[in-house]
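For reference, the chains in residue letters:
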Amino acid sequence: MQLVLEKRAERSNTIALVSPLIAIGLTIVTMSILFAILGKNPIAALGVYFIDPLTDSYSLQEIAVKATPLVMIAIGLSLWYLANVWNIGPKDNSWSRRRRSWLAVKTQGTDAGPWVMPAMLLLGAAGGALYALIPALCKVRFGASEFSSA
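Let us look at the structure shown here.

**A look at the overall build of the protein**
Of regular secondary structure, the protein possesses five helices and zero strands. Starting at the N terminus and ending at the C terminus, the protein contains elements arranged as α-α-α-α-α. When burial is assessed residue by residue, the protein has 13% of its 150 residues classed as buried. The contacts of the protein with a sequence gap of at least 6 include a subset with a gap of at least 24, amounting to 33%.

**What to know about a nonpolar patch on the surface**
Nonpolar side chains collect at one region of the surface, where Leu21, Ile24, Ile28, Val48, Tyr49, Phe50 and Ile51 lie side by side and expose about 690 Å² of accessible area between them. Looking at the nonpolar patch, the elements with two or more residues in it are helix H1 (13-37) and helix H2 (42-50). Positionally, leucine 21 belongs in helix H1.

**Looking at the pattern of salt bridges**
Scanning all chains against the criterion turns up one salt bridge. Here lysine 66 ties to glutamate 62 by a salt bridge, and the two come within 3.0 Å at their closest N and O atoms. Placement of both lysine 66 and glutamate 62 in helix H3 (residues 57-82) is noted, with a separation of four residues, approximately one turn of the helix. With relative accessibility at 26%, the residue glutamate 62 sits in the partly exposed group.

**What about the environment of proline 42?**
Positionally, proline 42 belongs in helix H2. Once the C-alpha coordinates of proline 42 and methionine 31 are considered, the two residues, 11 residues apart in sequence, prove to be 7.7 Å apart. Here proline 42 is in contact with Ser32, Phe35 and Ala36, once residues within four sequence places are set aside.

**Quick word on the nonpolar core**
One finds Leu103, Ala112, Val116, Ala119 and Met120 forming the largest nonpolar core, which totals five residues. Residue contributions to this core peak at three residues, all from helix H5 (residues 116-142). With residues up to four places along the chain from it excluded, the contact list for leucine 103 reads Trp115, Val116, Ala119, Met120 and Leu123.

**As for H2**
Considered for burial, the residues of H2 that qualify are Ala45, Leu46 and Gly47. Buried residues in H2 make contact with H1.

**Thoughts on the packing of H1 against H2**
Each pair of packed helices can be summarised by the angle the axes make with each other and by the distance between the axes. Remark: H1 packs on H2, axes separated minimally by 9 Å, with the N-to-C direction vectors making an angle of 125°. Classified by the interaxial angle, the pair formed by H1 and H2 is oblique. By crossing handedness, the relation of H1 to H2 is classed as right-handed. Contact residues: Ile28, Met31, Ser32, Phe35 and Ala36 in H1; Pro42, Ala45, Leu46, Tyr49 and Phe50 in H2. Here the residues of the contact of H1 with H2 sort into nine nonpolar, one polar and no charged.

Cut-offs applied
- Residues numbered from 1 in each chain as written.
- Predicted model: local features only at pLDDT ≥ 70, side-chain atom pairs only at ≥ 80, totals over all residues.
- Heavy atoms only, no water.
- Helix = DSSP H or I, 4+ residues; strand = E, 2+ residues; numbered from the N terminus.
- Buried < 20%, exposed > 50% of the residue type's maximum accessible area, 1.4 Å probe, protein only.
- Contact = heavy atoms within 4.5 Å.
- Patch = residues over 30% accessible without salt bridge, like charges linked within 9 Å, V, L, I, M, F, W, Y side chains within 5 Å.
- Areas by Shrake-Rupley, 256 points an atom, 1.4 Å probe, with all protein chains shown as cover.
- Salt bridge = Lys/Arg side-chain N within 4 Å of Asp/Glu carboxyl O.
- Core = buried A, V, L, I, M, F, W, Y, C linked by side-chain atoms within 4.5 Å.
- Axes fitted to C-alpha atoms, helices over the stretch in contact; angles between N-to-C directions.
- Parallel < 35°, antiparallel > 145°, perpendicular 65-115°, else oblique.
- Left-handed = near helix turned anticlockwise from the far one by under 90°.
- Nonpolar A, V, L, I, M, F, W, Y, C, P; charged D, E, K, R; others polar.

Here's what the structure looks like:
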């Protein structure tokens, strides 16, 4: 028997709505089984993962801190995909993060003033532009693919 993949004529709205719920449900079931195998109470363990972070203001701040780079990467990638350009290496954005972090570390604890934030943005943009210059030059000079291997 041969497996043949065919594109659907139209997308099912029901499947589009139910698929994420099925994925979440299967994740919770799998996590519960793994916690039970480890000898932990699955309900208490899932509470630590899903409920406890939402009950403390410090935890909410930490969620925002951890989610912000992911949201920024997602927005950037969506713009790439809308422009029909592919970017496989969003972690390459770490170059611009490193430039911003350097300035933040160097000015921490000093009376640097309001220029630090705009300078951090400029350093991040410059770091990202310099890093993007490498595949751009290879594309222009050698016709190389700009796909990065993440």
